[in-house]
Amino acid sequence: MEANDAWLRMSGYTQEDVRSRTLTRVKITPAEQAPLFEHALQEVAAHGQHTPFETELLCKDGSCLPILVGSVLFQNRPRQIVAFVLDNSARKELEQRKDVFIWTASHELRSPLTVLKLQAALLHRQLAKQGVPASAPALAGMETQITTIARLVEELLDVSKIQAGRLEYVREPVDLDALLREIAEIMQQTHPSHTILVHGAVQSSLIGDRDRLGQVFTNLLSNAIKYSPDAQTVEMDLSASPETVTICVRDHGLGIPREQRDKIFERFYRAASPQHRAIPGLGMGLYIVAEIVKRHGGTISVDSEVGKGSTFTVTLPLMRDA
Ligand code: ADP
């Protein structure tokens, strides 16, 4: 019905456009954002206001302006709302710069790390050949640390690729039982602190990316172990229906507070409790896991009780394209 000067400057529309209701006929946000508005309107109807959200304003000249929108219902005029529209472009630009930085930094780190890894392995072999065993533990320790850094750098690269929509997947038949048992065995060797129990079998193959699916379950098992420092076991339950396979990874550790359960799948999010924060991590694993599962047409959810443990459930459709 009416817009202030700041909004008119921002959008390029005139007060006449607004009054003549031109704006009810032209779309002022990209079509795919419509559900955001519908949800916001429902929230306003129920609570008199909605949680501010990010979207884009389609300006009169056709350009898109990143904005942040919040609205409240007028108290005395129940069918009218006032919306606050903030120009969000500076923040978006900063975010974009940060993404480019992460991408460039992880690329720059990757090459010297690969060389370092190869040279450490070479040195290891040469020293062993010359019969200098005293330095072997130090070198093995060095190689372990290099592998840890290399994994973190690969995760950073994966996060950047997901952001840019450039994470690539191959399509191949995957024997899930064999893959999951192989992963459980490797994790068992590297994490003797816990016993990994695998129950059941999926007894079917699916079409997907073996390495990426392996990344999903390595990550879930690694988290289950990491966030249950006082527990002895971690379990993996495998089952199948005619259309889907279900894999549950269960631990008996810290658990995750209810209000944080959805957020843990977001980029760089880490649960806030001091016990969680005392355990090192960067909040990238579950973001990558959720993306890989989504790209395989599957779903991931978490059930948890604080102090008792968590169960992550992955459901994947059988014989589907990744
Ligand atoms: P990271 O473990 O590197 O912080 P993730 O993305 O793998 O990152 O996990 C995000 C957050 O979710 C973790 O920081 C942790 O707070 C929580 N989390 C993940 N898995 C578990 C688990 N099995 N038990 C309790 N908390 C978990």
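As a reminder, the structure under discussion sits directly above these lines.
Cut-offs used in this document
Per-chain numbering applies: the sequence of each chain, read as written, is numbered from 1 onward. Only residues with pLDDT of 70 or above have their local features reported here, since the model is predicted, and side-chain atom pairs are shown and tallied only from 80 upward, although totals for entire chains, interfaces and linings are computed over all residues. Where side-chain values are given, they derive from all heavy atoms of the structure, hydrogens and water being excluded. Categorising residues by exposure relies on relative accessible area from a 1.4 Å probe, with only protein chains included: less than 20% of the type maximum marks a residue as buried, more than 50% marks it as exposed, and the intermediate range marks it as partly exposed. For helices the rule is a DSSP run of H or I covering at least 4 residues; for strands it is a run of E covering at least 2, with both sets numbered from the N terminus onward. For two strands to pair, DSSP has to find at least two bridges joining them. Two residues form a contact once any of their heavy atoms are found within 4.5 Å. Comment: axis = line fitted to C-alpha atoms, over the contacting stretch for helices; angle = value between 0 and 180 degrees taken between N-to-C directions.

J.: If you had to explain the pairing of strand 8 (residues 244-251) to someone new, which residues and values would you point to?
T.: Across the eight residues that make up strand 8, a large majority, six, are buried. Adjacent in sequence and paired antiparallel, strand 7 (residues 233-240) and strand 8 are bridged by three residues. Where strand 8 meets strand 10 (residues 309-317), seven bridges bridge the pair, whose relative direction is antiparallel. Considered in strand 10, the bridge of Arg250 is made with Thr311.

J.: Describe the side chain of Gln260, listing the residues and the values that go with them.
T.: Residue position: Gln260 is located in the loop between strand 8 and helix 9 (274-277). If we skip the residues at most four places from it in the chain, Gln260 touches Tyr269, Ala271 and Ala272.

J.: Residue-level account of the sheet that holds strand 7, with values.
T.: Strand order in the open sheet formed by five strands is 5-7-8-10-9, and the pairing between neighbours is mixed. The open sheet is flanked by strand 5 (195-200) and strand 9 (299-305), the only strands paired with a single partner. Each strand axis lies, on average, 15° off the axis of its neighbour in the sheet, ignoring direction. With seven bridges connecting them, strand 7 and strand 8 associate as antiparallel partners. Each residue of the ladder has a partner; that of Asp237, found in strand 8, is Cys248. Contacting strand 5, strand 7, strand 8 and strand 10, helix 7 (residues 176-190) runs over the sheet at an angle of about 165° to strand 5. In the packing of helix 10 (residues 285-295) onto the sheet, contacts are made with strand 9 and strand 10, and the angle to strand 9 comes to roughly 135°.

Keep in mind that these numbers describe shape and distance, not what the molecule does.
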